[in-house]
Every structure is written in C-alpha cells, then in structure tokens.
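If you want the building blocks of each chain, they are given just below.
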Amino acid sequence: MSGSTRLLVKMKHGTVGMGWRQPHYDAVLAGEVGASDVDFLEVHSENFFAEGGASLQVLLAGRERLPLSLHGVGLGLGSACGLDPWHLDRLADLVERVDPLLVSDHAAFTRAPWNGAQQGLMHAADLLPIPFDRVSLDLMIGHVQQVQERLRRPILVENLSAYLAWQADGASALSEPEFFNELCRRSGCRMLLDVNNLVVNARNSGAPPDEAARRAIAWVQEIAVDAVGEIHLAGHLELPDVVIDDHGSRVSEAVWQVYRAAIERFGPVPSLVEWDNDIPDLSVLLGEVARARQEMRILCP
C-alpha cells in the first residue's frame, strides 16, 4: 500500500484539519504543530500556481510535516462559458507535485463573456451562485467530469453561501439538495458540505439562529448518506442587515448544532476548520480543531 493510500484510509476514520494560512506557516514548518494537534492542512490552490518560488517551497515543506488538502476558488465549475484551460493545467500540475489527500472547489460560476464577447472573458473574482435546474446540473456534471479526467481522481464540490438566487424554470427546477445528490451520483464526485454556509443562508432568509440551525439540519437530512466526503466549519459575521460568511471568528453554536447532525448522518467524514480573516493566535484555531475532534469522538466513538 502506498503512502498516499494509507493516508486516504486514515482520512475515512474521522480526522479534523485546519486551514493553513500565512501567519501560521512558521509554526507548522518548525514542528510546533503536529499530528497530535491536527490531522491535515488545507490551502487555497490558486495561491500556489506559480512555477516555483518561496510559496511553493513552503507548501512542499509543509507536505513533509502533515497531509495536505487543496481547496480551490477559481475553477468556476458552473460557468456556462467553460473551464479556463490554463487554470485547470496549473491545478493539475500542483496536484501532481503535491499529491493531496483531497481536491475541492465550489458549485459556482466565476467566468462570463464581457459584453457578450467570447473573446473577452471576465473573471468575477468571486463565487457566484448557479441556478438549481437541469440545464445547470448537466453543465456542471460535464465540467466536474472534465476536471476529474484531467486530475485522474474524484473531486469534492462545495455548497455556497449565496446572497442572491436565480429564478429557475418550474419544470426544470431542483432543490439544492436534489442538485447535489444528482451531481454526485452522475459525475462520481462527492460533496464538500459547508455547514456554516447553510446557517448563513438560513439567517439571510430571515431565520433567527435556532431556526436557522433547524433549517440547515433539515437540508442536511435531504443529502444522500454516501454523498458527503468532507465537512467545512467556519465563523460568520452578523451585521444588522446581512450575515456574511467571512471566516473571521469562532464557529457559532448554531453551526456546531448542524455539524453534530451532519456527523450523525454521514459518519466521521474528514472535517476542516476554516479561518481566513482576522486570523487569531494559533492556539485559538487549534482549540476549534480540538472541539471538532471532541464532537466527532462523542458521536462516533
């Protein structure tokens, strides 16, 4: 059994990782963070697309310390104008070099023609929501399969926190859980279930925290048991008129409620704590990892 295969087997039995961001690079490389603290590290793929340089050397050095997961934000799997060949090539090169445990991106579109001109494609630099209908589903299945064939491995696709929605045609409309169930079944990918995003979406629809948790748990119950390959946890920002998925604080109690329901349904799938803004002292982030580990041990002893 190869080293990568052994790590993949380990991931199936309940592991918790953390987003590895620049303020904590040195701690990992110095051995101050190890397997007793965290099971794997996640980085944003696009930050390491350069041919060489310091960033890539840091990534490779980190890979010697702990397993890595690559989480992308730029594939645009739902973009009607197609995938960016350069982006896919760079991702494939990075996957080949790093041999990550997991590769993921989002159920979003990011690219579109500028003023309707195919020769002038614009990248939104954001994760924009897709319609949940049959046309969008077929498009995304094709793009997911294209990526998986290029990478020679299955990928994970994450649900969004979305601040607007499309009006899907009634005859073709799908619920979001139906969309993900079909996507996973037909493409062979798995879902990256972001439970914070579920709560954020429910809060922005007007639900208070307890009701938002109940709605998110009902959403989780509609997902096929074998569809989820990873869970993301993060904090969000509550403003007077909107709740923002900013990954800048501790995981809320509402999100922990949904996480527990997800573990009860899907088992001890790999989980990850994201923290991308106002990054705290490492001890705070590891404390969130420790709580996720504890929740998983209680539910899946």
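Let me begin by describing the structure that accompanies this report. (Residues numbered from 1 in each chain as written. Predicted model: local features only at pLDDT ≥ 70, side-chain atom pairs only at ≥ 80, totals over all residues. Heavy atoms only, no water.)

Looking only at helices and strands, one finds 10 helices and 12 strands in the protein chain. Per-residue burial for the protein chain yields a buried fraction of 52% across its 301 residues. In the protein chain, the share of contacts with a sequence separation of at least 24, taken over all contacts with a separation of at least 6, comes to 79%. Total accessible area on the protein chain is roughly 13,400 Å²; 52% of this is exposed by carbon and sulfur atoms. (Helix = DSSP H or I, 4+ residues; strand = E, 2+ residues; numbered from the N terminus. Buried < 20%, exposed > 50% of the residue type's maximum accessible area, 1.4 Å probe, protein only. Contact = heavy atoms within 4.5 Å. Areas by Shrake-Rupley, 256 points an atom, 1.4 Å probe, with all protein chains shown as cover.)

Along the chain, the position of E178 falls in helix α6 (residues 176–187). For E178, a relative accessible area of 42% translates into the label partly exposed.

Turning our eyes to something else, we now look at the pattern of salt bridges. As enumerated under the stated definition, the model contains 18 salt bridges in all. A salt bridge links R203 to E238; the nearest nitrogen and oxygen atoms lie 2.4 Å apart. One end of the pair, R203, is in helix α7 (residues 195–204); the other, E238, is in strand β10 (residues 237–238), and 35 residues separate them in sequence. When its relative accessible area of 18% is taken as the criterion, R203 is described as buried. Accessibility expressed as a relative area gives 39% for E238, which makes it partly exposed. Salt-bridge contacts for E295 lead to R291; the nearest nitrogen and oxygen are separated by 3.2 Å. Of this pair, E295 and R291 both sit in helix α10 (residues 282–299), four residues apart, roughly one helical turn. Here E295 falls in the buried class, since its relative accessible area comes to 10%. (Salt bridge = Lys/Arg side-chain N within 4 Å of Asp/Glu carboxyl O.)

Let us look at the side chain of E158. Locating E158 in the fold gives a position in strand β7 (residues 156–158). R21 is the oppositely charged side chain nearest to the buried, salt-bridge-free E158, at an N-O distance of 9.3 Å. Among the polar contacts made by the side chain of E158, one reaches the side chain of H106 at a distance of 3.1 Å. In this structure E158 touches H71, D105, H106, A107, F180, L192, D194, N197 and H232, once residues within four positions along its chain are discounted. (Lys, Arg positive; Asp, Glu negative; His and termini not counted. Polar contact = N/O pair within 3.5 Å; in protein donor to acceptor, adjacent residues only side chain to side chain.)

Enumeration according to the criterion identifies six aromatic pairs in this entry. Here F132 and F179 contribute two aromatic rings whose centre-to-centre distance is 5.2 Å and whose plane-to-plane angle is 75°, an arrangement assigned as edge-to-face. Of this pair, F132 sits in the loop between β6 (117–128) and α5 (134–151) while F179 is found in helix α6, placing the two residues 47 residues apart along the sequence. Ring centres 5.9 Å apart and planes at 75° place the aromatic pair W256 and Y259 in the edge-to-face group. Taken together, the residues span about one helical turn, with W256 and Y259 both in helix α9 (residues 253–266) at a distance of three residues. The class of Y259 is buried, set by a relative accessible area of 0%. Cluster of aromatic residues (ring-pair linked, three or more members): F132, F179, F180 and W219. (Phe/Tyr/Trp six-rings, centres within 6.5 Å; stacked < 30°, edge-to-face > 60°.)

With that settled, the discussion passes to α5. Spacing of three or four residues puts side chains on the same side of an α-helix, whose turn is 3.6 residues. Given a rise of 1.5 Å per residue, 18 residues ought to cover 26 Å, and the 26 Å separating the end C-alpha atoms of α5 matches this to within 8%. S136, L137, M140, I141, H143, V144, V147, Q148 and L151 are the residues of α5 that are buried. Looking at the buried residues of α5, the elements they touch are α4 (85–98), β4 (102–106), β7 and α6. Capping the start of α5, D133 holds a side-chain oxygen 3.4 Å from the backbone nitrogen of V135, two or three residues further along. Of the residues flanking the end of α5, it is R152, one or two places downstream, whose phi is positive at about 60°. (Expected span 1.5 Å × (residues − 1).)

It is worth spelling out the sheet that holds strand β12 (residues 271–273) at this point. Here eight strands make up a closed barrel; going around it, the order is β1-β2-β3-β4-β7-β8-β9-β12 and the pairing parallel. Strand-to-strand twist of the sheet, defined as the mean angle between neighbouring strand axes without regard to direction, takes the value 25°. As defined by bridge partners, strand β1 (residues 16–19) adjoins strand β2 (residues 40–44) across three bridges and the pair is classed as parallel. Paired with G19 across the strands is E42, a residue of β2. This element, α10, spans β1, β9 (228–233) and β12 of the sheet and lies at about 155° to β1. (Pairing = 2+ DSSP bridges. Axes fitted to C-alpha atoms, helices over the stretch in contact; angles between N-to-C directions.)

A separate point is the packing of α7 against helix α8 (residues 209–221). Running from amino to carboxyl end, α7 crosses α8 at an angle of 125°, the nearest separation of the two axes being 8 Å. Overall, the two elements α7 and α8 adopt an arrangement that is oblique. The hand of the α7/α8 crossing is right-handed. Residues L198, V199, A202 and R203 of α7 form the contact with α8, whose own contacting residues are P209, A212, R215, A216, W219 and V220. Residues belonging to the contact of α7 with α8 are distributed by class as follows: eight nonpolar, no polar and two charged. (Parallel < 35°, antiparallel > 145°, perpendicular 65-115°, else oblique. Left-handed = near helix turned anticlockwise from the far one by under 90°. Nonpolar A, V, L, I, M, F, W, Y, C, P; charged D, E, K, R; others polar.)

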